[in-house]
Amino acid sequence: MSVDLQTRVSFRLLGRSILAFTLTPERPVVEWFRELDQRVLSSFGFFTNRPLILDLTSITPNKAEALEIIARIEERNLRLMAVEGVAPEWLPHRLAPLPKSFSSVPAPDITKMPWDENPPTGAPPDSLAASQSCTTLLIEEQVRSGQTIIFPEGDVTIVGSVASGAEIIAGGSIHIYGTLRGRAFAGNNGNTKARIFCSKFDAEILVIDGLYKTADDFDHQLIGYPVQARLNQDVMNIEAM
Amino acid sequence: MAKVLVVTSGKGGVGKTTSTAALGAALAQNGKNVVVVDFDVGLRNLDLVMGAERRVVYDLVNVAHGNAKLHQALIRDKRLENLCLLPASQTRDKDALSEKGVARIIKELRTQFDWIICDSPAGIERGAILAMRHADAAVIITNPEVSSVRDSDRIIGLLDSKTERAERGERVEKHLLITRFDQARAGRGEMLKVEDVLDILSVPLLGIIPESEQVLRASNLGQPITLANPMSAPARAYSDAARRLLGDEVAMNVPIERFNLLNRIFGGRAA
């Protein structure tokens, strides 16, 4: 047998982005946990293996409270990836605070790197304006079971169907020219104006700006028809088109 | 120009091995030089369906590791001289296959055969990925039921991302073969309809193989159904599918057992 001594020509360092959901407990915490339990129950499997970030900034707990909240979340088999808003030394090592680039401060505008000699002028767009700009991701094929499309920058348009077990996550609206059988998350950057459109509705879950409806909540008369989903205050409306 | 075809499904027990043997034999009957390769290392079955289980000396893993030459491991079929089998190992597991070894074997097979048909293991792990890695075309085996269809959808996604062709920005040619189709049960709504399966997967249909005890009988005798009982409904469906793979235009219908047809006429049962 020969030993392969071929030299490597390049070293690949690939960027990878994941989407984590943020839990933001509110006082009274007991009440908040009750609501969390309802959500977990009503969307069976949704939180399984999803990385979650616990943001305690708004309730400013003391150390004992913070640890209690973490323990209660973990005993529900939810997978915490990091905790924000408390002193780092309180936390168990595995829940280290997020590195800077992950935290919820707006990401630096990539067109204005420090080494860039001629940074573009003009005020950077705020997040809402950015998500309303005309950035669109166009996908001209079926999205298959197990695939996830993540496009925080704007709208996603799919010319084809989205299979059961597939996910579309968009900062803006989602347009599906085919059957939506999987999951759609629109307005993921806090865009309440985002909508979800599909030419044939058979979804597993619809989410707009964190508010969601599961298949159990859908009006069954709409299944199979073209629909749009949008937010009206804090209520998601799904309408035939 | 040699063509590498992977027979895959995601879900187990839907008929990958049976279909590999039947399509392989049918292509060989059409005069092509065919090798069927069993990638199910650890749970090999293709040798049984091909009736060659007592003739296995060296296997895919031996060749991949360089412990045997390819020609030592290839088993020539006793019925069709242009049909060969490259068996899997029963004693090793799927980690025993190296990506480099598989690449070398496929390259060598391409010089000797017109069709290289890879029988994929179930699942979406390493074994299944290795089996599809070098494919030019894929036959996706689906039963008309929701779990099988969703698993097939997952596999199609992998064909579009994990294969060599996908990495080069090309596409793997895909064909859908619906197996274990029961017209009566589909008519009663107990199975997904063919058009529903096609709507969900949107892959061109290669054929519909009716559910038949003939298939099981042939497998137990160690014969591909297309050789064991060429006039049976499943054998005719596989032969038509093989001709479509060769580029022939063959009208699509679901062959039914002649016996059942009479039953249906005289039994008065609507299909």
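Asker: It is not clear to me how the overall build of chain B should be interpreted in this structure. Could you clarify?
Answerer: Helix and strand counts for chain B come out as 14 helices and 8 strands. Considering only C-alpha atoms, chain B reaches an extent of 60 × 40 × 35 Å along its principal axes. Counting across all 271 residues of chain B, residues that qualify as buried make up 56%. Restricting the contact set of chain B to residue pairs at least 6 apart, pairs at least 24 apart contribute 74%. Here chain B displays about 12,100 Å² of accessible surface, and carbon together with sulfur accounts for 48% of that area. Computed over 37 positive and 34 negative side-chain charges, the inter-centroid distance for chain B is 2 Å.

Asker: Sorry if this is basic, but what is going on with helix H7 (residues 146-159) of chain B here?
Answerer: The α-helix winds at 3.6 residues per turn, so residues separated by three or four positions along the chain end up facing the same way. All names here are of chain B. With 14 residues, H7 ought to run about 20 Å at 1.5 Å a step, and its terminal C-alpha atoms sit 20 Å apart, in line with that. Of the positions making up H7, those classed as buried are Ser148, Val149, Ser152, Asp153, Ile155, Ile156, Gly157, Leu158 and Leu159. Summarising the contacts, the buried residues of H7 are in contact with strand S1 (3-8), helix H6 (126-132), strand S6 (137-142), helix H8 (164-167), strand S7 (173-181) and helix H10 (194-201).

Asker: How should I be thinking about unusual backbone geometry in this particular structure?
Answerer: Residues other than glycine predominantly adopt negative phi, and peptide bonds predominantly adopt the trans conformation. All names here are of chain A. Residue Pro28 is reached from Arg27 by a cis peptide bond, and omega for that bond is -5°. Residues other than glycine seldom take positive phi values, yet Asp209 does so here, at roughly 45°. Inspection of the secondary structure puts Asp209 in the loop between strand S11 (205-208) and strand S12 (211-214). Assessed through its relative accessible area of 28%, Asp209 is described here as partly exposed. Phi is positive for Gln233, close to 55°, though the residue is something other than glycine. Residue position: Gln233 is located in the loop between strand S13 (227-232) and strand S14 (235-240). For Gln233, a relative accessible area of 71% puts it in the exposed group.

Asker: Is there a simple way to think about the sheet that holds strand S1 (residues 21-23) of chain A in this case?
Answerer: Residue and element names in this part refer to chain A. Pairing within the open sheet is parallel, and its 3 strands lie in the order S1-S2-S3. Of all strands in the sheet, those bounded by a partner on one side alone are S1 and strand S3 (80-84). For this sheet the average axis-to-axis angle between neighbouring strands, irrespective of direction, equals 25°. In terms of strand pairing, S1 meets strand S2 (residues 52-55) through 3 bridges, oriented parallel. Following the sheet pairing, Leu23 is matched in S2 by Leu54. Of the strands in this sheet, S1, S2 and S3 touch helix H2 (residues 63-74), which is tilted by about 160° from S3.

Asker: Can you help me understand the interface of chain A and chain B in this one?
Answerer: Often, the extent of an interface is quoted as the loss of accessible area upon association of its parts. Facing 15 residues of chain A, the contacting portion of chain B comprises 13 residues. Each partner contributes to the roughly 1,100 Å² buried at the junction of chain A and chain B, and carbon and sulfur atoms together form 34% of this total. Linking chain A with chain B are 5 salt bridges. Linking chain A with chain B are 7 residue pairs in polar contact (both at pLDDT 80 or more), by the criterion used here.

Asker: What exactly am I supposed to notice about the sheet that holds strand S5 (residues 148-151) of chain A here?
Answerer: Sheet strands line up and pair through hydrogen bonds in the backbone, either parallel or antiparallel. Residue and element names in this part refer to chain A. Ordered by their spatial adjacency, 5 strands build an open sheet running S5-S7-S9-S11-S12, and the pairing between neighbours is mixed. Only two strands of the sheet have a single partner each, and these edge strands are S5 and S12. Adjacent strand axes in the sheet meet at a mean angle of 5°, parallel and antiparallel pairs treated alike. Bridging between strand S9 (residues 183-186) and S11 involves 4 bridges; their strand directions are parallel. Residue pairing across strands places Ala186 opposite Ile208, the latter belonging to S11.

Asker: What am I meant to see in the pairing of strand S2 (residues 34-38) of chain B here?
Answerer: Each regular strand shows side chains that alternate between the opposite faces of the sheet. Residues and elements named next belong to chain B. Counting buried positions along S2 yields 5 of 5 residues, so the element is predominantly enclosed. Here S2 shows no split at all, with Val34, Val36 and Asp38 on one side and Val35 and Val37 on the other all buried. Two strands pair when backbone bridges link them, and S2 and strand S5 (residues 115-119) are joined in this way by 5 bridges, in the parallel orientation. When the sheet's bridge partners are listed, Val34 is paired in S5 with Trp115.

Asker: Can you walk me through the pairing of S11(A) in this structure?
Answerer: Residue and element names in this part refer to chain A. Neither face of S11 is left uncovered, since the one carrying Ile205 and Val207 and the one carrying Leu206 and Ile208 both have all their residues buried. Direction of pairing for S11 relative to S12: antiparallel, over a ladder of 4 bridges. In the sheet register, Ile208 faces S12, and the bridge partner there is Leu211. A loop of 2 residues connects S11 with S12, the two strands running antiparallel in sequence, and Asp209 in this loop sits at a positive phi of about 45°.

Scoring rules and cut-offs
Residues numbered from 1 in each chain as written. Chains lettered and ligands numbered in written order. Predicted model: local features only at pLDDT ≥ 70, side-chain atom pairs only at ≥ 80, totals over all residues. Heavy atoms only, no water. Helix = DSSP H or I, 4+ residues; strand = E, 2+ residues; numbered from the N terminus. Buried < 20%, exposed > 50% of the residue type's maximum accessible area, 1.4 Å probe, protein only. Contact = heavy atoms within 4.5 Å. Areas by Shrake-Rupley, 256 points an atom, 1.4 Å probe, with all protein chains shown as cover. Lys, Arg positive; Asp, Glu negative; His and termini not counted. Charge placed at Lys NZ, Arg CZ, Asp CG, Glu CD. Expected span 1.5 Å × (residues − 1). Pairing = 2+ DSSP bridges. Axes fitted to C-alpha atoms, helices over the stretch in contact; angles between N-to-C directions. Buried area = accessible area lost by both parts, 1.4 Å probe. Salt bridge = Lys/Arg side-chain N within 4 Å of Asp/Glu carboxyl O. Polar contact = N/O pair within 3.5 Å; in protein donor to acceptor, adjacent residues only side chain to side chain.

On their own, these measurements won't tell you what the molecule is for.
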